[in-house]
Amino acid sequence: MADSSFDIVSKVERQEVDNALNQSAKELSQRYDFKGTGATIAWSGEKILMEANSEERVKAVLDVFETKLVKRGISLKALDAGEPQLSGKEYKIFATIEEGISQENAKKVAKIIRDEGPKGVKAQVQGEELRVSSKSRDDLQEVQALLKGKELDFAIQFVNYR
């Protein structure tokens, strides 16, 4: 019998991020506490740019955006927001959406699977993802439960379960 396997990836649905960003922009234009503050949120190339006229206001813009991301099912671990920076009279925050599992993070996950997972489960790094395989599907489900219980500092999803 062939081995069963699944892949561990760190991907974000770009359309969902776009929807969250558009909902945030709409909320900023309609909320009374953001009226006249110049609070905006928009794509700036591959980054997300948030602007407002005070540091507290720009942090509130980030909070609104984070709330929308969570509602759309996107982990905040994928969002890498910088610190507010003063630029002229405006405060700005640049944020990026991180995708892919770095080599060192993939090695950390593989080590967790080796050390704490069931015997006979193999994990191998394949580019920006990690393939986990085993003869037993129950062992694979055990690995998924183990990883869901861990506090990793990056978002993971399980795909290609076969």
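Refer to the preceding data block for the structure.
The rules behind each value
Residues numbered from 1 in each chain as written. Predicted model: local features only at pLDDT ≥ 70, side-chain atom pairs only at ≥ 80, totals over all residues. Heavy atoms only, no water. Helix = DSSP H or I, 4+ residues; strand = E, 2+ residues; numbered from the N terminus. Rg over C-alpha atoms; globule rule 2.2 N^0.38 Å. Contact = heavy atoms within 4.5 Å. Areas by Shrake-Rupley, 256 points an atom, 1.4 Å probe, with all protein chains shown as cover. Lys, Arg positive; Asp, Glu negative; His and termini not counted. Charge placed at Lys NZ, Arg CZ, Asp CG, Glu CD. Core = buried A, V, L, I, M, F, W, Y, C linked by side-chain atoms within 4.5 Å. Buried < 20%, exposed > 50% of the residue type's maximum accessible area, 1.4 Å probe, protein only. Axes fitted to C-alpha atoms, helices over the stretch in contact; angles between N-to-C directions. Parallel < 35°, antiparallel > 145°, perpendicular 65-115°, else oblique. Left-handed = near helix turned anticlockwise from the far one by under 90°. Nonpolar A, V, L, I, M, F, W, Y, C, P; charged D, E, K, R; others polar. Pairing = 2+ DSSP bridges. Expected span 1.5 Å × (residues − 1). Arc of directions from axis to C-beta. Polar contact = N/O pair within 3.5 Å; in protein donor to acceptor, adjacent residues only side chain to side chain. Salt bridge = Lys/Arg side-chain N within 4 Å of Asp/Glu carboxyl O.

The subject of this paragraph is the overall build of the chain. Looking only at helices and strands, one finds four helices and nine strands in the chain. Starting at the N terminus, the α and β elements of the chain follow one another as β-α-β-β-α-β-β-β-α-β-β-α-β. The C-alpha radius of gyration computed for the chain amounts to 20 Å, which surpasses the reference 15 Å derived for 162 residues by more than 25%, pointing to a less compact arrangement than a globule. Counting only C-alpha atoms and orienting by the principal axes, one finds that the chain spans roughly 65 × 25 × 25 Å. Residue pairs at least 24 apart in sequence account for 62% of intrachain contacts in the chain once pairs closer than 6 positions are excluded. As presented, the chain carries roughly 9400 Å² of accessible surface, and 46% of it is formed by carbon and sulfur atoms. Positive and negative charge centroids in the chain, built from 26 and 28 side chains respectively, lie 2 Å apart.

Turning our eyes to something else, we now look at the nonpolar core. Counting 23 residues, the largest nonpolar core has V17, I41, I48, M50, V61, F65 and L69 as the members making the most contacts within it. Secondary structure elements with two or more residues in this core: α1 (14-30), β3 (47-52), α2 (55-71) and β6 (90-97). The biggest single contributor to this core is α2, with six residues. Setting aside residues no more than four positions away along its own chain, I48 makes contact with V17, L21, I41, A42, W43, F65, I93, F94, A95 and I97. Counting 16 residues, the second largest nonpolar core, distinct from the first, contains V109, I112, V132 and L147.

In this section: the packing of helix α3 (residues 103-116) against helix α4 (residues 137-149). The N-to-C vectors of α3 and α4 enclose an angle of 120°; their axes lie 11 Å apart at closest approach. Taken together, the axes of α3 and α4 lie oblique to each other. Crossing geometry of α3 relative to α4 is assigned as right-handed. Counted together, V109, I112, I113 and E116 of α3 and V143, L146 and L147 of α4 form the full contact between these two elements. Along the lines of polarity and charge, the residues of the contact of α3 with α4 split into six nonpolar, no polar and one charged.

This part is about the sheet that holds strand β1 (residues 4-9). Within a sheet, neighbouring strands are paired by backbone hydrogen bonds and run either parallel or antiparallel to one another. Strand order across the open sheet formed by four strands is β7-β8-β1-β9, with antiparallel pairing between neighbours. The sheet is open, and its two edges are formed by β7 (122-126) and β9 (157-159), each paired on a single side. Strand-to-strand twist of the sheet, defined as the mean angle between neighbouring strand axes without regard to direction, takes the value 30°. Alignment of β1 against strand β8 (residues 129-134), held across five bridges, turns out to be antiparallel. Residue pairing across strands places I8 opposite L130, the latter belonging to β8. Those strands touched by α3 are β1, β7 and β8, and its axis lies near 20° from that of β8. This element, α4, spans β1, β8 and β9 of the sheet and lies at about 20° to β1.

Attention now goes to α4. Every α-helix winds through 3.6 residues per turn, so residues three or four apart in the chain are directed the same way. Along its 13 residues, α4 runs 19 Å from first to last C-alpha, staying within 8% of the 18 Å computed at 1.5 Å per residue. Of the positions making up α4, those classed as buried are D139, L140, V143, Q144 and L147. Along the axis of α4, the buried residues cluster in a sector spanning 145°; they form a single face. Every exposed residue of α4 that faces more than 90 degrees away from the buried side is listed here: D138, K148 and G149. At the N-terminal boundary of α4, the capping side chain belongs to S136, with an oxygen 3.2 Å from the backbone nitrogen of D138.

Tallied over the full model, the rule gives 13 salt bridges. D3 is paired through a salt bridge with K122; the nearest N and O atoms lie 3.3 Å apart. One end of the pair, D3, is in the segment before β1; the other, K122, is in strand β7, with 119 residues separating them in the sequence. For D3, a relative accessible area of 32% translates into the label partly exposed. Connected through salt bridges with shared partners, the residues E27, R31, D33 and K68 form a single ionic network.

Everything listed here is a matter of geometry and, on its own, says nothing about what the molecule does.
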